[in-house]
Amino acid sequence: MIVRIMGEGQFELPDDVMERLNELDDALEAALEDPQGFTPALQALLDSVRAAGRRLGDDELIESEVILPAAESSAAEVRAMLTDEGLIPD
Amino acid sequence: MEGKTGMGLWQRFTMIFKSKANKALDRAEDPRETLDYSYEKQLDLLQKVRRGVADVATSRKRLELQIGQLDQQSAKLESQAKAALAGGREDLAREALTRRSGLTVQLNDLHTQLATLQDQEEKLTQASQRLQAKVDAFRTKKETIKATYSAAEAQTKINEAFSGISEELGDVGLAIQRAEDKTQAMQARAGAIDELVASGALEDATGTSKDSITAELERMASVSEVEDTLAAMKAELSGGTSPSAVEAPATPAVEPGPAAAPEPKPDQT
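In this report, we go over the structure that sits alongside the text. Small disclaimer: the values here were computed from a predicted structure and weren't measured.

## What about the overall build of chain B?
Secondary structure summary: chain B contains seven helices and zero strands in total. Going from the N terminus to the C terminus, chain B shows its helices and strands as α-α-α-α-α-α-α. Here chain B, with 269 residues, has 40% of them falling under the buried criterion. A total accessible area of about 14500 Å² is found for chain B, and carbon and sulfur atoms account for 55% of it.

So this is what it looks like as structure tokens:
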């Protein structure tokens, strides 16, 4: 399973970590409305991906199954991406 | 992610990202033409990323320059405070130190901004390298596809290459946008600080006139210099070059007001 952390690159993860990552994802979603809790929840998720994953080479052209927000994203930025048009500049 | 009911945050995030990223690359009628067309767009974006890196570097250098200027002003105020204190003018020393602490606040702020810009520059540089590697890989794949497959057969291969690159393009596009937002905000502020430095208004942070400390210190210095010179001249005129006469009056700079004015010299002529 290939996961991209935005601004950072892609990681290949074994399928058996998905359960744990899903839990962290739930925690992140719950923290979306919580300015204090969001950053730690995002860091926990990204750290797990980095720790469990193998970094893909820059020259590998593979589509990711999962795309995660960049480490420095704020809850507001992620909310904006989930709702409005601003994700990809034209 | 199959094991989950409902849609978690990242599923939504991924879906939205991909639907937008796929729009970033237009497609032509013949899929193999699309490859060339897309490759051109990738090169364009690569140029844009490089310009982005250069812009951030420019902003960073400007910020470093401003930090250097404010550091100098801060050091100047500190030495002025010392000079004022040595001259017995604690009020003046206090004034200089107050202004200096105003600069310190500015400096701390600029250092924070500098760290942000350095971070942006590093990230964009890495993004630029990643995109370069991906674009190169795409070019290789493109040539292989064009050489090996018929238009009909090529579609699947093209889709794979496309998805891989469009993700990177979308990601990098966002990184540039983010960096542009940050540098634009900083350039506006940097311009304001340049103006402040140029007008001397930063030195004026406490509301007193720009160079009052310098002026006062210069006045104190010139008063004592006059005294010193006078003493030296007197010593010379009175024949002997006795060194004690030169050193003795070196102190009256403390109260410059009335002491300096009356200096008629009735002794000669």
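After presenting the structure, the write-up continues.
## Let's talk about the packing of helix α2 (residues 31-86) of chain B against helix α3 (residues 90-148) of chain B
All names here are of chain B. Close contact between α2 and α3 brings their axes to 7 Å; oriented N to C, the two are set at 165 degrees. Viewed along their axes, α2 and α3 adopt a mutual orientation that is roughly antiparallel. Seen along the crossing, α2 lies across α3 with a hand that is left-handed. A class-by-class count of the residues in the contact of α2 with α3 yields 30 nonpolar, 15 polar and 14 charged.

## Observations regarding helix α5 (residues 212-237) of chain B
All names here are of chain B. Across its 26 residues, α5 extends 37 Å between first and last C-alpha, which sits within 8% of the 38 Å expected from 1.5 Å per residue. Of all the residues in α5, the buried ones are Ile213, Thr214, Glu216, Leu217, Met220, Val223, Ser224, Glu227, Leu230, Ala231 and Ala235. After α5 finishes, the residue Gly239 shows a positive phi value of roughly 90 degrees.

## Structural notes on the sheet that holds strand β3 (residues 54-55) of chain A
All names here are of chain A. With mixed pairing, four strands are arranged side by side in an open sheet as β3-β2-β1-β4. At either end of the open sheet lies a strand with only one pairing partner, and these are β3 and β4 (66-68). Taken together, the two bridges between strand β2 (residues 9-12) and β3 define a ladder with antiparallel strand orientation. Bridging across to β3, Glu12 finds its partner in Arg54. Along the sheet, helix α2 (residues 35-52) makes contact with β1 (2-5), β2, β3 and β4, crossing β1 at roughly 130 degrees.

## Focus: α2(B)
With 56 residues, α2(B) should reach 82 Å at 1.5 Å per residue; the first-to-last C-alpha distance of 82 Å fits that figure. Among the residues trailing α2(B), Gly88(B) stands out with phi positive, at a value near 80 degrees.

## Let's talk about the environment of Ser38(B)
Tracing the backbone shows Ser38(B) in helix α2. The buried category is assigned to Ser38(B), whose relative accessible area is 0%.

## Let's talk about the interface of chain B and chain A
Between chain B and chain A, the contact holds 36 residues from the first and 43 residues from the second. Counting each side, the surface lost to burial between chain B and chain A is near 3700 Å², with a carbon and sulfur contribution of 59%. Three residues, Leu9(B), Trp10(B) and Phe13(B), lead the burial of chain B against chain A; their summed loss comes to 22% of the area buried on that side. Scanning the region where chain B abuts chain A turns up six salt bridges.

## As for the pairing of β1(A)
All names here are of chain A. Every second residue of β1 is oriented toward a common face, with Ile2 and Arg4 on one face and Val3 and Ile5 on the other, all of them buried. Between β1 and β2, which pair antiparallel and follow one another directly, the connecting turn spans three residues, one of which, Gly7, has a positive phi of 75 degrees. Pairing between β1 and β4: three bridges, direction parallel. Bridged to Ile5 within β4 is Leu68.

## Structural notes on the side chain of Ser64(A)
Positionally, Ser64(A) belongs in the loop between β3 and β4. We classify Ser64(A) as buried; its relative accessible area is 1%. A polar contact of 2.9 Å, which involves the side chain of Ser64(A), links it to the side chain of Gln10(A). Reaching out from Ser64(A), the side chain makes a polar contact with the side chain of Glu167(B) at a distance of 2.5 Å. Beyond its immediate stretch of four places on either side in the chain, Ser64(A) contacts Ile2(A), Val3(A), Arg4(A), Gln10(A), Lys18(B) and Glu167(B).

## Overview of the packing of α3(B) against α5(B)
All names here are of chain B. With their axes 10 Å apart at the nearest point, α3 and α5 run at an angle of 150 degrees to one another. The chirality of how α3 crosses α5 is left-handed. Residues Leu92, Glu95, Ala96 and Arg99 of α3 touch α5, and the partners they reach there are Ser212, Ile213, Glu216, Leu217 and Met220. For the contact of α3 with α5, the class distribution of residues is five nonpolar, one polar and three charged.

## Structural notes on the packing of aromatic side chains
Residues and elements named next belong to chain B. Under the counting rule described, the total for this entry stands at one aromatic pair over all chains. Between Phe138 and Phe162 the ring centres are 6.3 Å apart and the planes differ by 70 degrees, which places this aromatic pair in the edge-to-face class. Note that Phe138 is positioned in helix α3 and Phe162 in helix α4 (residues 151-199), a separation of 24 residues in sequence. Of the two residues, Phe138 and Phe162, neither departs from the other in class, the shared state being buried.

## Some thoughts on the pattern of salt bridges
For side chains bearing opposite charge, pairing can occur when the charged atoms are close. Evaluation of the coordinates by the stated rule reveals 26 salt bridges over all chains. Residue Arg4(A) is joined to Asp171(B) by a salt bridge in which the shortest nitrogen-to-oxygen separation is 3.1 Å. With Arg4(A) in strand β1 and Asp171(B) in helix α4, this residue pair bridges two chains. Assigned by exposure class, Arg4(A) and Asp171(B) land together as buried. Put simply, Asp36(B) and Lys146(B) hold a salt bridge, and the shortest N to O gap is 2.9 Å. Of the two residues, Asp36(B) sits in helix α2 while Lys146(B) sits in helix α3, which places them 110 residues apart along the sequence. We classify Lys146(B) as partly exposed; its relative accessible area is 30%. Through salt bridges that share partners, Arg4(A), Arg130(B), Lys134(B), Glu167(B), Glu168(B) and Asp171(B) make up one connected network.

The rules we used
- Residues numbered from 1 in each chain as written.
- Chains lettered and ligands numbered in written order.
- Predicted model: local features only at pLDDT ≥ 70, side-chain atom pairs only at ≥ 80, totals over all residues.
- Heavy atoms only, no water.
- Helix = DSSP H or I, 4+ residues; strand = E, 2+ residues; numbered from the N terminus.
- Buried < 20%, exposed > 50% of the residue type's maximum accessible area, 1.4 Å probe, protein only.
- Areas by Shrake-Rupley, 256 points an atom, 1.4 Å probe, with all protein chains shown as cover.
- Axes fitted to C-alpha atoms, helices over the stretch in contact; angles between N-to-C directions.
- Parallel < 35°, antiparallel > 145°, perpendicular 65-115°, else oblique.
- Left-handed = near helix turned anticlockwise from the far one by under 90°.
- Nonpolar A, V, L, I, M, F, W, Y, C, P; charged D, E, K, R; others polar.
- Expected span 1.5 Å × (residues − 1).
- Pairing = 2+ DSSP bridges.
- Contact = heavy atoms within 4.5 Å.
- Buried area = accessible area lost by both parts, 1.4 Å probe.
- Salt bridge = Lys/Arg side-chain N within 4 Å of Asp/Glu carboxyl O.
- Polar contact = N/O pair within 3.5 Å; in protein donor to acceptor, adjacent residues only side chain to side chain.
- Phe/Tyr/Trp six-rings, centres within 6.5 Å; stacked < 30°, edge-to-face > 60°.

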